[in-house]
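# Coordinate analysis (summary)
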Amino acid sequence: MSASATAESLTSLAARESRGGRRSAAAALVGPATIFVTIGLLLPIIILFRYSLNKFVPGRFMVDALTVENYILFFTDPYFLAAFYRTLRVAAVVTVICIVLAFPLAYKLARMESRYKNLLIMLVVLPLFVGNAVRAAGWMTLFGNKGFLNVTLEWLGLISEPIRIMYTEWAVIIGITAVNLPYVVLTLQSVIEGIDRAVEEAAYSLGANPWTMARRVLWPLALPGFAAGAIFCFILTMNAYATPVLLGGPQFVMMGPLVYVQFAVKNNWPFGAAVSFVLMSATLILTAAANIMVQRRYRG
Amino acid sequence: MARLELHQLSKHFGSTVAVREVSLDVGNGEFVVLLGPSGCGKTTTLRMIAGFVAPTGGTVRLAGQDVTALPPWKRNAGMVFQSYALFPHLTVEQNVAFGLEMRKVPTAEIAPRVAEALRLVRLGGLGERLPRQLSGGQQQRVALARALVIRPDVLLLDEPLSNLDAKLRETVRVEIRELQRQLDITTVMVTHDQEEALIMADRLVVMSDGAVRQVGTQRDLYERPADRFVAGFVGRSNLLTGRVVAPGRFQTAGGLTIACAGGAPGPSVIALRPERLAMGPAAAGLDNRLPGTVEIVSYLGASIDVHIRVSTADRVVVSQPNRADGRVPSEGDKIDVGWAASAAVVFADDAAATSA
Ligand SMILES: Nc1ncnc2c1ncn2[C@@H]1O[C@H](COP(=O)(O)OP(=O)(O)OP(=O)(O)O)[C@@H](O)[C@H]1O
Ligand SMILES: [Mg+2]
């Protein structure tokens, strides 16, 4: 989100500069970013797409071809389709949970006047200092059949059999939610901070209760921020790798791990490329759709 | 349109006391201005009336009902914010209609009432615009229309003119005043602009340090300031420190003896309005007449200020109207200054009393 905003401000800067006849300076500013985007992002995507049209022949690795059979395989095989739908579902659920959980926290942080505010923001960011894999390992000690949660519940006499949490969809959802939450909180917080507090008070003084105020004033003003936070969270979940592998176990396949397995374990680059492409396209299409919806809402 | 009564209203933020035991009665249709230096608790008082700040102690009664514990949305108070706080995503009409919708006013009634409110603030025809498409002055009037359309029991204004340029401010303050009279709406306004306060108010509340120093009309504050702070804050005063040595006799720090009306013996301050002082021949025959030396002459257009030293420690400013036939003294002139004993107000000197 911020990258595209930067790109946008750079292009508008470029436009203004060129009008002033200072093309070279503008080019010097935009140049590095353009080169980086081209080489770092566009080129691999093009290559990946080309690979996805190749054939995989066991023993001969990758054979040049122009075929869509990798895509046909993906969309006809129930195993791969299940992984695809599972990924979409987990991403949707995580996004909803993240937004719902992040909003109250982000709101409190944004409206806080205490000198501890920065400290609290640091606390929100703190989990990001620990890598995803390490954190997932932490969840494993908590969720396992002999983990902290089950042992405690058993000790309290609330359960007689351990509850199976590890290697379920919920373990993955909880794990990814925990990973994404800080990003969503920070995104929402910065958006809410940009909304004049007096506007909320004006609504109250005109007779709106907090619920009505949130619905009629805060929500429409924060909508672009909510969209940004949600899209961010959705993209992160679609591409999650460590958390689904560690908390979901070998049976729980999501798209990220699937790509990895095809490339690194099965050495099937063409199919891996096709899976990557499906993943990327789905993410892009849904993101664009969400964006368009928000824009419409905003104009209409 | 209703009475507003504050009873011993206080607000503490941790160890700072923002407002201390403020009591105030605002009558039906009255325009009261809270005036005081920055940080004296004006905004906090206003926000307690609106319900945005919970008082530490005391009560707020609005239209006969104790609203102290009510949230803002259950009080019928219209507020105009310093930043106007218009809803940026709603048009002017939608902004003004908001309060009516919250009050479940029948849809058919909303449009005419919105149009009427916009007409009152002379914004008819701009209803379709978004706030960001309006000038500051127009936004201010939308904010006013939005607060008035709900027919509030009390209208609260927090420095409503501070974001307007000087020229516009002069017209808008008269407009607000006229509108307030016409609608007969109980109003409390906060400002630290003395001129604005004097022009708009029926009654003024002078605050300092969270406390009310004096409540009264412009004339009360000017002629009979309650203490040294008010005498210095509202208009200009010559303040002479010293002590009351006997009833009616005041001795300045510079050793001058002055006749005064009233005052209890002890460390005191005398306040003298510059335009109540006479100089030269005009000083003859007044209760007090002191010889002095002209130090500074300031030509201000409508009036002339003459600073006259009357003792090593005391200097007074005399303000005289600039008349065509007036004689203007020049610096270094020896000249008499005089005033009637009744022109001076005497206060006990709190500062000296506490430091002594
Ligand atoms: N939310 C708050 N937390 C802590 N202290 C506060 C808070 N709000 C106000 N204060 C303090 O209370 C005192 C009164 O503040 P207030 O805003 O009422 O002053 P004011 O008279 O409106 O001043 P100004 O003319 O500058 O607007 C100040 O010392 C201020 O620092
Ligand atoms: Mg203030």
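Residues numbered from 1 in each chain as written. Chains lettered and ligands numbered in written order. Predicted model: local features only at pLDDT ≥ 70, side-chain atom pairs only at ≥ 80, totals over all residues. Heavy atoms only, no water.

## Thoughts on the overall build of chain B
Rules: Segments assigned H or I by DSSP are reported as helices when at least four residues long, segments assigned E as strands when at least two residues long, and all are numbered from the N terminus. Exposure classes here rest on a 1.4 Å probe applied to the protein chains alone. A residue is buried below 20% of its type maximum, exposed above 50%, and partly exposed in between. Areas reported here follow the Shrake-Rupley algorithm with a probe of radius 1.4 Å; residue values treat only the protein chains shown as occluding. The charge count includes Lys and Arg as positive and Asp and Glu as negative, but it does not include His or the ends of the chains. To locate a charge, take NZ of a lysine, CZ of an arginine, CG of an aspartate or CD of a glutamate.
Looking only at helices and strands, chain B has nine helices and 20 strands in total. Expressed along its principal axes, the backbone C-alpha trace of chain B runs to roughly 75 × 50 × 30 Å. Buried residues in chain B amount to 50% of all 356 residues. Carbon and sulfur atoms form 50% of the exposed surface of chain B, whose accessible area is close to 15800 Å². Between the centroid of the 39 positive side chains of chain B and the centroid of its 37 negative side chains there is a distance of 2 Å.

## Section: the packing of aromatic side chains
Aromatic ring pairs are reported here in terms of the distance separating the ring centres and the angle at which the planes meet. Rules: Each pair of aromatic rings taken from Phe, Tyr and Trp, with Trp reduced to its six-membered ring, is defined by centres within 6.5 Å and is described as stacked if the planes are under 30 degrees apart, edge-to-face if over 60, and tilted in the remaining cases. Counting as a charge over the ring demands two things of the Lys NZ or Arg CZ atom: a distance within 6 Å of the ring centre and an angle within 35 degrees of the ring normal.
In total, this model carries 21 aromatic pairs over all chains according to the counting rule given. With a centroid separation of 6.0 Å and 45 degrees between ring planes, the pair formed by A:Phe103 and A:Tyr107 is classed as tilted. With a gap of four residues between them, A:Phe103 and A:Tyr107 both fall in helix 4 (residues 78–110), about one helical turn apart. Grouped by ring-pair contacts, the aromatic residues A:Phe74, A:Phe75, A:Tyr79, A:Phe80, A:Phe84, A:Tyr85 and A:Phe271 constitute a single cluster. A cation over an aromatic ring shows up here: A:Arg86 above the ring of A:Phe252, its NZ or CZ 5.2 Å from the ring centre. Taking the ring centre of B:Tyr222 as reference, the NZ or CZ of B:Arg273 above it sits at 3.9 Å.

## A word on the sheet that holds strand 19 (residues 334–339) of chain B
All names here are of chain B. Basically, it comes down to this: DSSP calls a pair of strands paired once it identifies at least 2 bridges connecting them.
With antiparallel pairing, five strands are arranged side by side in an open sheet as 15-19-16-17-18. The open sheet has two free edges, formed respectively by strand 15 (278–279) and strand 18 (315–321), since each of these has just one partner strand. Pairing of strand 16 (residues 288–299) with strand 19 involves six bridges; the strand directions are antiparallel. Within the sheet, the bridge partner assigned to Asn-288 lies in strand 19 and is Trp-339.

## Let's talk about the side chain of B:Gln139
Residues and elements named next belong to chain B. Quick note on the threshold: Side-chain atoms alone can form a polar contact between residues adjacent in sequence; in general such a contact is a pair of N or O atoms within 3.5 Å, and within protein one must be able to donate a hydrogen while the other accepts it. The contact criterion used is simple: two residues touch if any of their non-hydrogen atoms lie within 4.5 Å.
Counting through the fold element by element, Gln-139 comes out in helix 4 (residues 136–148). At 3.2 Å, the side chain of Gln-139 and the backbone oxygen of Pro-131 are in polar contact. Look past the residues within four positions of Gln-139 in its chain and what remains in contact with it is Tyr-84, Leu-86, Pro-131 and Leu-134.

## A short note on the site of ligand 1
So the rule is basically this: We call a residue near a molecule or strand whenever a single non-hydrogen atom of that residue lies within 4 Å of it. Amino acid classes used here: Ala, Val, Leu, Ile, Met, Phe, Trp, Tyr, Cys and Pro are nonpolar; Asp, Glu, Lys and Arg are charged; the rest, including Gly, are polar.
Every residue close to ligand 1 is listed here: A:Glu113, B:Phe13, B:Ala18, B:Ser38, B:Gly39, B:Cys40, B:Gly41, B:Lys42, B:Thr43, B:Thr44, B:Glu159 and B:His192. At ligand 1, the nearby residues belong to more than one chain, namely chains A and B. Here B:Cys40 contributes a backbone N or O atom positioned 3.2 Å from an oxygen atom of ligand 1. For ligand 1, whose free accessible area comes to 630 Å², the fraction covered by protein is 61%. Looking at side-chain class alone, the shell around ligand 1 contains three nonpolar, six polar and three charged residues.

## So, the sheet that holds strand 1 (residues 4–13) of chain B
All names here are of chain B. Operational definition: Axis lines are fitted to C-alpha atoms, over the contacting stretch for helices. Their N-to-C directions set the angle, which ranges from 0 to 180 degrees.
Strand order in the open sheet made by the four strands is 2-1-4-5, with antiparallel pairing throughout. Edge positions in the sheet fall to strand 2 (16–26) and strand 5 (65–66), since each of these pairs with one other strand and no more. Of the pairings in the sheet, the one linking strand 1 to strand 4 (residues 57–62) comprises five bridges and is antiparallel in character. In the strand pairing of strand 4, Leu-6 is matched with Val-60. Of the strands in this sheet, strand 1, strand 2 and strand 4 are in contact with helix 1 (residues 42–50), which crosses strand 1 at around 120 degrees.

## Description of the pattern of salt bridges
Counted only if it meets this: The working definition used for a salt bridge is a side-chain nitrogen of Lys or Arg within 4 Å of a carboxyl oxygen of Asp or Glu.
Enumeration according to the criterion identifies 20 salt bridges over all chains in this entry. Two residues, A:Arg111 and A:Glu200, come together in a salt bridge whose shortest N-O distance is 2.6 Å. Of the two residues, A:Arg111 is situated in the loop between helix 4 and helix 5 (117–125) and A:Glu200 in helix 9 (residues 197–205); the sequence distance between them amounts to 89 residues. Connected through shared salt-bridge partners, B:Glu295, B:Arg309 and B:Arg315 make up one network.

## Side note on the interface of chain B and chain A
For interface size, the figure often reported is the accessible area lost on association. Just so we agree on the cut-off: Take the accessible area each of two parts loses on contact, using a 1.4 Å probe, and add the two losses: that sum is the buried area.
The interface is formed by 20 residues belonging to chain B together with 18 residues belonging to chain A. Of the roughly 1700 Å² buried between chain B and chain A, counting both surfaces, carbon and sulfur atoms make up 69%. It is B:Trp73, B:His89 and B:Met102 that lose the most area in chain B upon contact with chain A, and together they represent 35% of the buried surface on that side. Scanning the region where chain B abuts chain A turns up two salt bridges. Of the charged contacts in the structure, one is a salt bridge between B:Glu101 and A:Arg216, with a shortest N-O distance of 3.0 Å.

## Observations concerning the side chain of B:Gln214
All names here are of chain B. Along the chain, Gln-214 falls in strand 10 (residues 211–216). One polar contact links the side chain of Gln-214 to the main-chain carbonyl oxygen of Arg-224, over a distance of 2.9 Å. One polar contact links the side chain of Gln-214 to the main-chain amide nitrogen of Ala-226, over a distance of 2.7 Å. Ignoring any residue separated from it by four or fewer positions in sequence, one finds Gln-214 in contact with Leu-204, Val-205, Val-206, Asp-220, Leu-221, Arg-224, Pro-225, Ala-226 and Val-230.

## Brief notes about the confidence of the model for chain B
A low pLDDT means the predicted coordinates there should not be read in detail. What counts, and what does not: Every residue is assigned a pLDDT by the predictor, reflecting its confidence on a scale from 0 to 100.
Counting all residues, the mean pLDDT for chain B is 92, and 98% of those residues have values of 70 or more. The element-level mean pLDDT for chain B is lowest in helix 9 (residues 350–355) of chain B, coming to 55, with helix 2 (residues 92–102) of chain B highest at 97.

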